[in-house]
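One letter stands for each residue in the lines below.
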Amino acid sequence: MEILSQRIQNLAESETLQMAKLSRELRAKGYDIIDMSLGEPDFETPKHIREAAKKAIDDGFTKYPPVSGYADLRQAISEKFNRENGFDFTPDQIVVSTGAKQSIANVMLVLVDPGDEVILPSPYWVSYREIIKLAQGKQVTIPSSVENNFKITPEQLEQAITPHTRVFCYSSPCNPTGTVYTRDELKAFAEVFARHPHVFIISDEIYEHISFRGKHESLAQFPELRDRVIVVNGVSKAYAMTGWRLGYIGAPQWIAKACDKMQGQITSGANSIAQRAALAALTSDQSETDKMRDAFHRRRDLILGLINEIPGLKPNKPEGAFYLFPDVSYYFDKSHDDHIILNADDLCRYLVYNASITTVTGQAFGAENCIRISYATSEEKIKEAMRRMKEALAKLK
Ligand code: PMP
Ligand code: GLU
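Not measured: the values here are computed from a predicted model.

(A) Structural context of the overall build of the chain. If you tally the helices and strands in the chain, you get 13 helices and 14 strands. At 21 Å, the chain has a C-alpha radius of gyration in line with the 21 Å of a compact globule built from 397 residues. Of all 397 residues assigned to the chain, the portion counted as buried reaches 56%. A separation of at least 24 residues holds for 74% of the contacts in the chain among residues at least 6 apart in sequence. Here the chain has roughly 17,300 Å² of accessible surface; of this, 50% comes from carbon and sulfur atoms. Taking the 48 positively charged and 52 negatively charged side chains of the chain as two groups, their mean positions are separated by 2 Å.

(B) Focus on the pattern of salt bridges. Counting across every chain of the model gives 27 salt bridges. We note a salt bridge from R293 to D290, for which the minimum N-O separation is 3.6 Å. Residue R293 and its partner D290 are both found in helix α11 (residues 287–307); the two are separated by 3 residues, about one turn of the helix. Note on R293: relative accessible area 25%, which makes it partly exposed. Among the residues examined, D290 registers a relative accessible area of 35% and is labelled partly exposed. As a salt-bridge pair, R388 and E384 come within 3.0 Å of each other at their nearest N and O atoms.

(C) Region of interest: the site of ligand 1. Taken together, 13 residues lie around ligand 1, and A100, N175, D204, Y207 and K237 are the ones closest in. In this structure, K101 approaches ligand 1 through a main-chain N or O atom, which is 3.0 Å from an oxygen atom. In this structure, R245 approaches ligand 1 through a side-chain N or O atom, which is 2.8 Å from an oxygen atom. Out of a free accessible area of 390 Å², ligand 1 has 94% covered by protein chains. Top contributing element to the shell around ligand 1 by residue count: helix α5 (residues 100–111), with 3 residues.

(D) Here's a closer look at helix α9 (residues 253–266). Taking 1.5 Å of rise per residue, the 14 residues of α9 would be expected to cover 20 Å, and the 20 Å separating its terminal C-alpha atoms lies within 8% of that figure. Looking only at α9, the buried set comprises I255, A256, C259 and Q263. Angularly, the buried residues of α9 cover 100° about the axis, an arc narrow enough to put them on a single face. Away from the buried face of α9 by more than 90 degrees, exposed residues K257, K261 and Q265 are located. In this structure, the buried residues of α9 make contact with β2 (94–97), α5, β6 (200–204), β7 (229–234) and β8 (247–250).

(E) Structural context of the side chain of S68. Among the structural elements, S68 can be located in the loop between α3 (47–58) and α4 (71–85). Judged by its relative accessible area of 8%, S68 is buried. Looking at S68, its side chain comes within polar contact range of the side chain of D260, at 2.7 Å. When near neighbours in sequence (up to four residues on either side) are disregarded, S68 contacts R74, I94, V95, V96, D260 and Q263.

(F) Local environment of the sheet that holds β7. With respect to topology, 7 strands assemble into an open sheet ordered β2-β8-β7-β6-β5-β3-β4, the strand pairing being mixed. Two strands in the sheet have a free side with no partner beyond their single neighbour: β2 and β4 (138–142). Looking at each pair of strands side by side, their axes are set apart by 20° on average, direction ignored. Sheet topology places β7 next to β8; 4 bridges connect them, and they run antiparallel. Within β8, the position partnered with N233 by the bridge is Y248. Here α9 sits on the sheet in contact with β2, β6, β7 and β8, set at roughly 30° to β2.

(G) Broad picture of the nonpolar core. Judged by nonpolar contacts, the single largest core of 81 residues is most densely connected at M36, M108, V167, I373, M386, M389 and L393. Per element, the largest residue contribution to this core is 7 residues, and it comes from helix α12 (residues 344–355). The contacts of M389, once residues within four sequence positions are left out, are I310, L313, L351, A355, I357 and I373. In terms of nonpolar packing, the next biggest core, distinct from the first, is built from 49 residues, F89, I201, F222 and M241 among them.

(H) A look at the packing of α5 against helix α6 (residues 126–134). Contact geometry of α5 with α6 gives a least axis separation of 9 Å together with a crossing angle of 35°. Note on packing geometry: the crossing formed by α5 with α6 is right-handed. The segment α5 lies against α6, with K101, I104, A105, M108 and L109 engaging S127, Y128, I131, I132 and L134. Residue classes in the contact of α5 with α6 are distributed as 8 nonpolar, 1 polar and 1 charged.

(I) Region of interest: the side chain of E117. With respect to the element layout, E117 can be found in strand β3 (residues 117–121). Ignoring anything within four residues of it in the chain, the contact list for E117 reads K138, V140, T162, H164, T165, R166 and V167.

(J) View of α11. For α11, built from 21 residues, the straight-helix expectation of 30 Å at 1.5 Å per residue is met to within 8% by its first-to-last C-alpha distance of 30 Å. Three or more residues of α11 are buried, namely T289, M292, A295, F296, R299, R300, L302, I303, L304 and I307. Looking at the buried side of α11, the elements it contacts are β9 (323–324), β14 (371–374) and α13 (379–394).

The rules we used
Residues numbered from 1 in each chain as written. Chains lettered and ligands numbered in written order. Predicted model: local features only at pLDDT ≥ 70, side-chain atom pairs only at ≥ 80, totals over all residues. Heavy atoms only, no water. Helix = DSSP H or I, 4+ residues; strand = E, 2+ residues; numbered from the N terminus. Rg over C-alpha atoms; globule rule 2.2 N^0.38 Å. Buried < 20%, exposed > 50% of the residue type's maximum accessible area, 1.4 Å probe, protein only. Contact = heavy atoms within 4.5 Å. Areas by Shrake-Rupley, 256 points an atom, 1.4 Å probe, with all protein chains shown as cover. Lys, Arg positive; Asp, Glu negative; His and termini not counted. Charge placed at Lys NZ, Arg CZ, Asp CG, Glu CD. Salt bridge = Lys/Arg side-chain N within 4 Å of Asp/Glu carboxyl O. Near = heavy atom within 4 Å. Polar contact = N/O pair within 3.5 Å; in protein donor to acceptor, adjacent residues only side chain to side chain. Expected span 1.5 Å × (residues − 1). Arc of directions from axis to C-beta. Pairing = 2+ DSSP bridges. Axes fitted to C-alpha atoms, helices over the stretch in contact; angles between N-to-C directions. Core = buried A, V, L, I, M, F, W, Y, C linked by side-chain atoms within 4.5 Å. Left-handed = near helix turned anticlockwise from the far one by under 90°. Nonpolar A, V, L, I, M, F, W, Y, C, P; charged D, E, K, R; others polar.

Here it is, written out as structure tokens:
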């Protein structure tokens, strides 16, 4: 009998990856799809990083690496944290994993017991929700909306915390909204957390280098929280290395040790070649990353200008990452031919089949009135996609 575990039956498929798959399939069938679903830089991994990986193979980095990552890579990450963020993580507080996604899963699985509460500001990244399910935690959501640029307040945070709260997990710059918290806003959250010493914080900083606000700010910078913030980062976004699958954490040592134990039984550690490439990425000239950030900044301005010309869409103003998260509820209950739009899922589907654009429904991120548009694509494609979107939406009456 083909019966799967309750665990996997209860798990939702990643909507971001599902839409990316649909884009690939439709393209293979010959459709001219513009993929705005996947959060993936369209740039190639910089050449010097690719060269470092080739050299790693020739130099014999082909055996099992230490479970937490090569010592020199953990040293480089420790120095990166110190140099760029002012964080004080020693190499034995660092664990390198198969993508930041696995880093988050490790931390959640080592901290959360069945029934423990995990607070997510909403909209949240799609995989947090499912990883919490895997850990049998209870998701507690703090809502926000486009009117306040998708920011939660310290009062909301205070109200959400209970004696059962175990973890607060957030990303800034945020996926899916691109929202970036300022130092003062984070400081106000830190004051709330200072009153609740039982709460751990997962600070997902994977978009650190794609911020249009300048200096990156993090909850980890406040000394009063230092022994309970886990910083998650990785090379996917900053160095256009999504396929290499390399992420890392800086964490209190007892948590890092538990993550080492966890992945020692699941993956044995991150891929050796990718680790050597990551070492090159973190220790070399960062100008390619700056160039990519500037390109994303220009594209943000471009897409925001174009989307403002589309009636009914209420966009936010993202200050980082490469997503726009407009409220599309104006189009609910409208229709064209036999397409009836009842919700964001319907609108995404409508855009696939009437505009050949793939986006991701806000429902995946806990925001049912929105859709996520990834602008990690060329300026020409952004212009063409917005032209098609405007035309297709105009048909909805
Ligand atoms: N956190 C956020 C907010 C993300 O958008 C992503 C997707 N890249 C990840 C973590 C996982 O990144 P990685 O490719 O390193 O697994
Ligand atoms: N994080 C990216 C996204 O949200 C990549 C896909 C994924 O890892 O889910 O689109």
